[in-house]
Amino acid sequence: MIGGVIQLVALTVMAGLYGPQAFSSLAVFMAMSHSLAFFTSLNLGGYTISLTSRPERMNFASTLITGTILFTFVALGLFGLVRIAVPTNWLPTGILILPLYAAAQCFSTVFFGLHLAAARTNWAASALLLRPTLFFATAMLLQWTHPASITLIASVVLSEILVCMMLYTGLLSLERSQIFRLSLARWRASWRRNYKFFLTGGLGSYLSNLAMNTPILLGGWIMTPTQMGNFALAHRLMNAPVRTIGAPIGAIVNRNIARLYRDGQAIGRKIVLTYGLGVVIGLLGFVLLAYLLRALEPQLPADWIHMTDYAPFVFSAGVFMFATSTIGFLPLLIRNLWFLTLWSTGRILGLVFSMLVVVAMNLAPITFLFLFAAVEMCASLAFLAGNTVRLRSQGRL
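Residues numbered from 1 in each chain as written. Predicted model: local features only at pLDDT ≥ 70, side-chain atom pairs only at ≥ 80, totals over all residues. Heavy atoms only, no water.

Side note on the pattern of salt bridges
What counts is decided by this rule: The rule for a salt bridge is simple: a side-chain nitrogen of Lys or Arg has to be within 4 Å of a carboxyl oxygen of Asp or Glu. Strands are runs of DSSP state E lasting at least 2 residues, helices are runs of H or I lasting at least 4, and numbering of each runs from the N terminus. When a residue's accessible area, from a 1.4 Å probe over protein chains only, is under 20% of the maximum for its type it is buried; when over 50% it is exposed; and in between it is partly exposed.
Counted by the stated rule, this structure contains 3 salt bridges. Residue Glu160 pairs with Arg131 through a salt bridge whose shortest N-O separation is 2.9 Å. Of the two residues, Glu160 sits in helix 7 (residues 149-169) while Arg131 sits in helix 6 (residues 121-142), which places them 29 residues apart along the sequence. You can call Glu160 buried: its relative accessible area is 5%. Classification of Arg131 by relative accessible area gives partly exposed; the value is 24%. One salt bridge in this structure joins Glu376 and Arg347, with 3.1 Å as the shortest N-O distance. Here Arg347 lies in helix 14 (residues 337-360) and Glu376 lies in helix 15 (residues 365-394), a separation of 29 residues in the sequence. This pair shows no difference in class: Glu376 is buried, exactly as Arg347 is.

Here it is, written out as structure tokens:
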């Protein structure tokens, strides 16, 4: 909770120092890094929380780490060639450090999952608190030397690397020795045993993560750079509680529910209760945040005038995204993987269709945000319904 508040404060202060175009570049960079997650860790780092057996958990984590290291070296080489062959103004800001940030995110997610699986909640909580604090401190320090979009991006990357190192030092010595026992033979053997789960579960998780960033990738087609920066900041303000509060709540719930599920007990009521509480908490939190932004509107620089208009629509979507994040682990736990893939694909197609409607009818960009909120509400309810049907078929409702 405290980490989420710090991130909200940090983003608000950074808005007055950097301007909309810097936040637009940061949003594109973050969206692209999440798009690389499938090729690094298959976006399955958080699944370590669900594995109750330590040997199984460490082998799974080691497989993801090995794959991430292999991909990072390949990606650095490819991106270096692209940087040489393609004109600079055609490339997104910070492309050369993109693979390093994606790798750091993977490591952090795996280490975070290992800490929660072993009930070391202090280390996990420290990471949630440290990440926004480091981002704020680094961005404040670097803006005095070079207040540009690359500075904001560098602050995000550096804070993620430091959090990753902190989480690694908190692992037990046995865990540290096992997780980096890198071996291509072990990696190939693990792939042969689990390739169906890796591909279906990884693809579904990847598309789900990509869907969260699709509005940013689509916004550039229908918004000016200033409008895009306003939308990007509103989206970041919405994502802050989703990722720093909703997802950790889901991780803690996952650890408890995974044990009940593996013991053959029904978990349907706990899932519905968790989702309902997520809606209530998200609604109260985002309503409070919207009123706070409206109260601060007179103090905002002129470049940010659109944000208070965009925020209510973005925060409406955030209520349901927050609720979904509290049970986001469910498809992997109950092996409802094809549903996760289809659900995520439908969510992305809904957003793309919304953008095409706005372009075809020459509507105002704010219409896209209204449709974005409607798509996320329907997607969230469909997520709960689809997994509830799966639990019913397993007799675990």
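What follows continues from the structure just given.
Focus on the confidence of the model for the chain
Our working definition: Predictor confidence is given residue by residue as pLDDT, running from a minimum of 0 to a maximum of 100.
Residues at a pLDDT of 70 or more form 84% of the chain, whose mean pLDDT is 81. At the level of individual helices and strands, the chain shows its lowest average pLDDT in helix 3 (residues 37-40), which scores 61, and its highest in helix 15, which scores 93.

Side note on the nonpolar core
Quick note on the threshold: Buried residues of nine kinds, namely Ala, Val, Leu, Ile, Met, Phe, Trp, Tyr and Cys, make up a nonpolar core once their side-chain atoms join them within 4.5 Å. The contact definition used throughout considers only heavy atoms, calling two residues in contact when any of these lie within 4.5 Å.
Among the nonpolar cores identified, the biggest contains 79 residues, and Phe23, Leu152, Ile271 and Phe315 are the most heavily contacted of them. Take this core: its biggest share by element is 13 residues, from helix 10 (residues 225-262). Those residues in contact with Ile271 that lie beyond four places of it in its chain are Ile257, Ile327, Phe329, Leu330, Leu384 and Leu391.

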